[in-house]
Amino acid sequence: MTAQIDNRLSDAPMMPLNCRRCSAQVLVRKGSWNQTSVQWTAGALAACLQRRDPDNSVAYSGQGVFLGCSALTDSIVGAVGDGDLPVVDEIRSTTT
Amino acid sequence: MTLQSNTDEIREIEAAAAPTRFARGWHCLGLTQAFGDGKPHAVNAFGQKLVIFQSDDGTINALDGHCRHMGGDLTQGEVKGNEIACPFHDWRWGGDGRCKRVPYAKRVPRLARTAKWITSEQDGMLFVWNDPEGNPPPPEVMIPRIEGVTSDEWTDWHWYTTIVNTNCREIVDNVVDMAHFFYIHGSLPTHFKNIFEGHVATQYMTSAGRPDLGDTEGARMLRTTSVASYYGPSFMIDDLTYHYEDADHKTVLINCHYPIDANSFALQYGIIVKKSEALPSELAIQTAIALGDFVKMGFEQDVAIWKNKARIDNPLLCEEDGPVYQLRRWYEQFYVNVVDVTPDMVDRFEHELDTTSPREEWMKVVEANLAGRSVAEAI
């Protein structure tokens, strides 16, 4: 299959962000105020403290799926609040 | 942005032919009780006809359906001891794929081996391991156990099977399709998250009840929580809980398929419901049936779309759509050799839509911070 490109990412790519707790670097994109995408690497996942704690019942589902890291979520909210991470929809609504 | 402003340019649909290779992974063929009667069963899967039979030792075996001698159809043969006997010349094939005996010959010829699939019986279901490279299944990709199936506190499986005439990528795409839950399943997602990591693709969803549906189940229900994961290319376990004012109703919904060929698949789904004080045995069974009918209705509407839609490799997406490209990147890992699996197919990816955080308050904070920063920068 030829590589296909998500048109949304060509318009506004994902951006690097460091977790304020464990410093793991991930790629983040906020499509809108309530939409967030995160691309992890194996290294970032290994560094995540919440990921390494399987007894953390808040972060894991009943079937053992790691649902997400709250420290990273806080870091993303913080980065948006500080103006370091743009919200794609907000840029569009102000520029168009 | 240039594409949006150039109104003369037409977006073309691109689509390569559906792959003729079949996914590496565990595939559920159905409930074991359907195969455990000592007779051979024909299953069309992975572009072939398989023979499934339970041998005298109790094991359920899966072999290619055609005898390597003269091509007889083993699915019309007979189980003799631990072997399947060909109806043509009575050649006997064991579950390990080897010819054990040719009753009229002194010796079995060399290379008397046929294709076999490793089988596994778990929680009332029969699984086969498909791998075009012929490697055994790594233990970490085994389907997880389903708590409840073997317990008296839960109902038995309520199981459906149907054939769908399209490539199975269409049903896998559903994992990221949030919008169809509102239109098809009558639910109102408030929090929706996709997580792809390793061989597991998850859809986490909380939904509010639907007050607009009047005096129905949907209106009385406060919310639902659903954690649904594909473990490999074809087997999804959905832990689905209905929250009512007085009690939680716990259910497990299986959504699985196996490819028949490049352009059709067998879709199967099964439901178990936990019994409780609020949901005694008979009512739990009724709930399972009602939920099954509801899911059936949803799939039938999907099927109506799939029948007529075009296969599309380059979907044009808006910000509100799910991560279709990332899901397909994850799915690709099952169609390449193990050595060709790249980190971007298995690295963790999250895509989240959370409608519960108050935007207005939040944007006020952002604006205040930005204003503060520009003042600081100006100084």
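This text goes with the structure placed above it.
The text that follows walks through the structure, step by step, so that each part is easy to find. Because the structure is a prediction, the values reported are computed rather than measured.

A separate point is the packing of aromatic side chains. All names here are of chain B. Per the stated rule, a full pass over the model turns up 15 aromatic pairs over all chains. Plain terms: the ring middles of W330 and F334 are 5.1 Å apart, the flat faces sit at 80° to each other, and that makes the pair edge-to-face. In terms of burial, W330 and F334 fall into one category: buried. Three or more aromatic residues link up through ring pairs in this structure, and these residues are F196, W330, Y331, F334, Y335 and F349. The cationic tip of R329 hangs over the ring face of F349; the distance from NZ or CZ to the ring centre is 5.9 Å.

Another point: the environment of H191 of chain B. All names here are of chain B. Locating H191 in the fold gives a position in strand β12 (residues 188-197). Looking at H191, the relative accessible area reads 17%, which means it is buried. With 32 residues separating them in the primary sequence, H191 and W159 have C-alpha atoms 29 Å apart. A polar contact of 2.7 Å, which involves the side chain of H191, links it to the side chain of E352.

Through backbone hydrogen bonds, the strands of a sheet pair up, either in parallel or in antiparallel fashion. Residues and elements named next belong to chain B. Across the sheet, four strands lie side by side as β5-β6-β7-β8; this open sheet has antiparallel pairing. Only two strands of the sheet have a single partner each, and these edge strands are β5 (78-80) and β8 (99-101). Within this sheet the neighbouring strands show an average axis-to-axis angle of 40°, counted without direction. Pairing analysis gives two bridges linking strand β7 (residues 92-94) to β8, with the strands arranged antiparallel. The partner of R92 across the bridge, within β8, is R101.

The tally for this structure, following the rule as stated, stands at 18 salt bridges over all chains. Residues R51 of chain A and E197 of chain B are paired through a salt bridge, measuring 2.2 Å at the closest nitrogen-oxygen approach. With R51 of chain A in the loop between α2 (42-47) and α3 (70-81) and E197 of chain B in strand β12, this residue pair bridges two chains. Among the charged side chains, a salt-bridge network with shared partners connects R51 of chain A together with K193, E197, R348 and E350 of chain B.

The next point concerns the interface of chain A and chain B. Taken together, the contact between chain A and chain B spans 40 residues of the former and 49 residues of the latter. Of the roughly 3,800 Å² buried between chain A and chain B, counting both surfaces, carbon and sulfur atoms make up 48%. Three residues, R8, W33 and Q63 of chain A, lead the burial of chain A against chain B; their summed loss comes to 20% of the area buried on that side. Counting every contact that joins chain A to chain B gives two salt bridges. Sort the elements by how many residues they give to the side of chain A that touches chain B and strand β3 (residues 35-39) of chain A lands first, with five residues. Taken together, the residues of the side of chain A that touches chain B break down into 15 nonpolar, 14 polar and 11 charged. Relative to strand β18 (residues 349-354) of chain B, β3 of chain A runs antiparallel, the two sharing five bridges. Each residue of the ladder has a partner; that of V38 of chain A, found in β18 of chain B, is E350 of chain B.

Let's shift gears to the environment of A368 of chain B. All names here are of chain B. Mapped onto the elements of the fold, A368 is located in helix α8 (residues 359-378). Given a relative accessible area of 47%, A368 falls into the partly exposed group. C-alpha of A368 to C-alpha of Y231: the two residues are 137 residues apart in sequence and 45 Å apart in space.

Procedures and definitions
- Residues numbered from 1 in each chain as written.
- Chains lettered and ligands numbered in written order.
- Predicted model: local features only at pLDDT ≥ 70, side-chain atom pairs only at ≥ 80, totals over all residues.
- Heavy atoms only, no water.
- Phe/Tyr/Trp six-rings, centres within 6.5 Å; stacked < 30°, edge-to-face > 60°.
- Buried < 20%, exposed > 50% of the residue type's maximum accessible area, 1.4 Å probe, protein only.
- Lys NZ or Arg CZ within 6 Å of the ring centre and 35° of its normal.
- Helix = DSSP H or I, 4+ residues; strand = E, 2+ residues; numbered from the N terminus.
- Polar contact = N/O pair within 3.5 Å; in protein donor to acceptor, adjacent residues only side chain to side chain.
- Pairing = 2+ DSSP bridges.
- Axes fitted to C-alpha atoms, helices over the stretch in contact; angles between N-to-C directions.
- Salt bridge = Lys/Arg side-chain N within 4 Å of Asp/Glu carboxyl O.
- Contact = heavy atoms within 4.5 Å.
- Buried area = accessible area lost by both parts, 1.4 Å probe.
- Nonpolar A, V, L, I, M, F, W, Y, C, P; charged D, E, K, R; others polar.

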